[in-house]
Amino acid sequence: MLVDLDYFYAQCEERRNPSFKDKPVVVCVYSGRTEDSGAVSTANYVAREYGVKSGMPIFLAKRKLKEVDAVFLPMDRAFYEEVSDNIMGILRGFADSFEQVGIDEAYLDVTQRANGSFEAAYQLAQQLREKVKARESLTCSVGVGPNKLVAKIAADFEKPDGLTLVKPEKAESFLAPLPVKSLMGVGTKIGKRMESLGIKTIGDLARYDVQVLIEVLGKSLGAYLHNASRGIDEVPVQERGEAESISRISTLKEDTRDLEVLLEKTAQLCEEVHANVVERNVSFRSVGLIAVLTDMSIRSRSKTLETPSRDLEVLKNTINELAGRLLEEVELEVRRIGVKVSRFTQQEKQKALTEFIENRSR
Ligand code: TTP
Ligand code: CA
């Protein structure tokens, strides 16, 4: 199944301030140039009824909501991440394997615990929605299907607060009437190309000659889309981030056992690692120190944090602690020193808003 939290940033704001509930709520990314310059990040469904959408300039959203008592708020990413982490924790408990995608979506493989039964999977989805509602007061939309592709489209089918089950034998007929743009990988450009071939719906695509499709779009995209249009997708639900790490290592001016000299170097490395952590928008659970000694042997020490962090001070303090320990435990001088963070809890790249809009707009 695919779980997608409804109007996520705006729903977080409604939860924080229940008096917003029946008003249009617009979460904004202010560019700071003039008072209203910037773009809409997202809006609740009340605001959407007035035509407000993600990516729209703020002044335009204000114009559409001129006559009503609407709420405009700046984006508070740290708060949404906290809510997201809590909810992802709940969702994880419902899955055989779990894959978070972005801040407000996750794929859950429930094949085993549902014993391969789609009815049982549907019941699980229902329980999951109730638990998220009871614990975190948020609604989500869930799609249940034979694979990720179908589950994702099913989740979009009824929003907000929806639950859609598509059984394997119904996948192709479920997809057929939908616009080709509902398929992942079909953006504006490819959408236009297909339109020129007379392909408007997924059903049109399924009926289209696969050889011609491959000639026009290339082998891999053509074959992928041909399969996708028939609801065929074999990509497994995969936990992300566990294998990844970010590290920096550097050679010291001279070999040393002086803690102060080492810490000066590691502080600099921590800053570089941290900049990368921020850029990649991840939180780490594990911090490691690596030392290459004068005889070229390598020693490393690591520590697991109690909660995931993306904080420079936490990183520096942990490294200082590890460096102190390492010096006590080895006798040789240190030649190279390195800092590493790993076990990321969130893998989403922080994209420029424009890129985000392009990728997600249908
Ligand atoms: P989405 O899941 O695309 O949208 P949503 O949760 O606001 O609404 P829906 O009910 O349709 O699922 O995106 C998740 C969050 O990502 C969204 O709350 C805000 C952020 N976002 C942006 O900042 N800019 C964008 O252009 C989009 C599409 C989303
Ligand atoms: Ca969402």
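Our subject is the structure listed above.
Asker: Quick question: what am I supposed to make of empty space enclosed by the protein here?
Answerer: All chains considered together, the criterion is met by 1 cavity of 30 Å³ or more. There is about 40 Å³ of room inside the largest cavity. Looking at the lining of the largest cavity residue by residue, the class counts come to 4 nonpolar, 1 polar and 1 charged.

Asker: In this structure, what is going on with the sheet that holds strand S1 (residues 2-5)? I would like to understand it.
Answerer: Within a sheet, adjacent strands bond to each other through the backbone by hydrogen bonds, running parallel or antiparallel. Taken in spatial order, the 5 strands line up as S5-S6-S1-S7-S8 in an open sheet, and their pairing is mixed. A strand with exactly one partner marks an edge of an open sheet, and here the two such strands are strand S5 (97-101) and strand S8 (163-165). On average, adjacent strands in this sheet sit at an angle of 15° to one another, irrespective of strand direction. Pairing between S1 and strand S7 (residues 140-144): 4 bridges, direction antiparallel. Of the residues in S7, the one forming a bridge with Asp4 is Ser141.

Asker: Please explain the pattern of salt bridges as it appears in this structure.
Answerer: It is possible for side chains bearing opposite charge to pair when their charged atoms get close. Within this structure, the stated rule accounts for 20 salt bridges. Salt-bridge contacts for Lys167 lead to Glu119; the nearest nitrogen and oxygen are separated by 2.6 Å. With Lys167 in the loop between S8 and helix H7 (171-175) and Glu119 in helix H5 (residues 118-136), this pair connects stretches of sequence that are 48 residues apart. Two residues, Glu321 and Lys303, come together in a salt bridge whose shortest N-O distance is 3.1 Å. Of the two residues, Glu321 sits in helix H13 (residues 312-329) while Lys303 sits in strand S11 (residues 298-309), which places them 18 residues apart along the sequence. Bridged by salt links that share partners, the residues Glu13, Arg16 and Asp76 form one connected network.

Scoring rules and cut-offs
- The residue count restarts for each chain, going from 1 along the sequence in the order it is written.
- The lettering of chains begins at A and the numbering of ligands begins at 1, in the order of writing.
- Residue-level local features of this predicted model are given only where pLDDT is at least 70; pairs of side-chain atoms are given and counted only at 80 or more, and the full residue set underlies all totals for whole chains, interfaces and linings.
- With hydrogens and water excluded, all non-hydrogen atoms of the structure serve as input to the side-chain values.
- Only protein atoms enter the 1 Å grid used here, on which a cavity is any set of points holding a 1.4 Å probe that cannot leave and a pocket is any open set flanked by protein within 12 Å on both sides along at least five of seven lines; residues with an atom within 4 Å of a point are listed as lining.
- Grid points are joined across faces, edges and corners, and a volume is the space filled by probe spheres set on the points.
- Three classes are used, and their members are as follows: Ala, Val, Leu, Ile, Met, Phe, Trp, Tyr, Cys and Pro are nonpolar, Asp, Glu, Lys and Arg are charged, and the others, Gly among them, are polar.
- Pairing between two strands requires that DSSP report at least two bridges joining them.
- Per the convention used, a helix needs a DSSP run of H or I reaching at least four residues, while a strand needs a run of E reaching at least two, with both numbered from the N terminus.
- Each axis is a line fitted through C-alpha atoms, taken for helices only over the stretch in contact, and angles between the N-to-C directions span 0 to 180 degrees.
- Put simply, a salt bridge is a Lys or Arg side-chain nitrogen that is within 4 Å of an Asp or Glu carboxyl oxygen.

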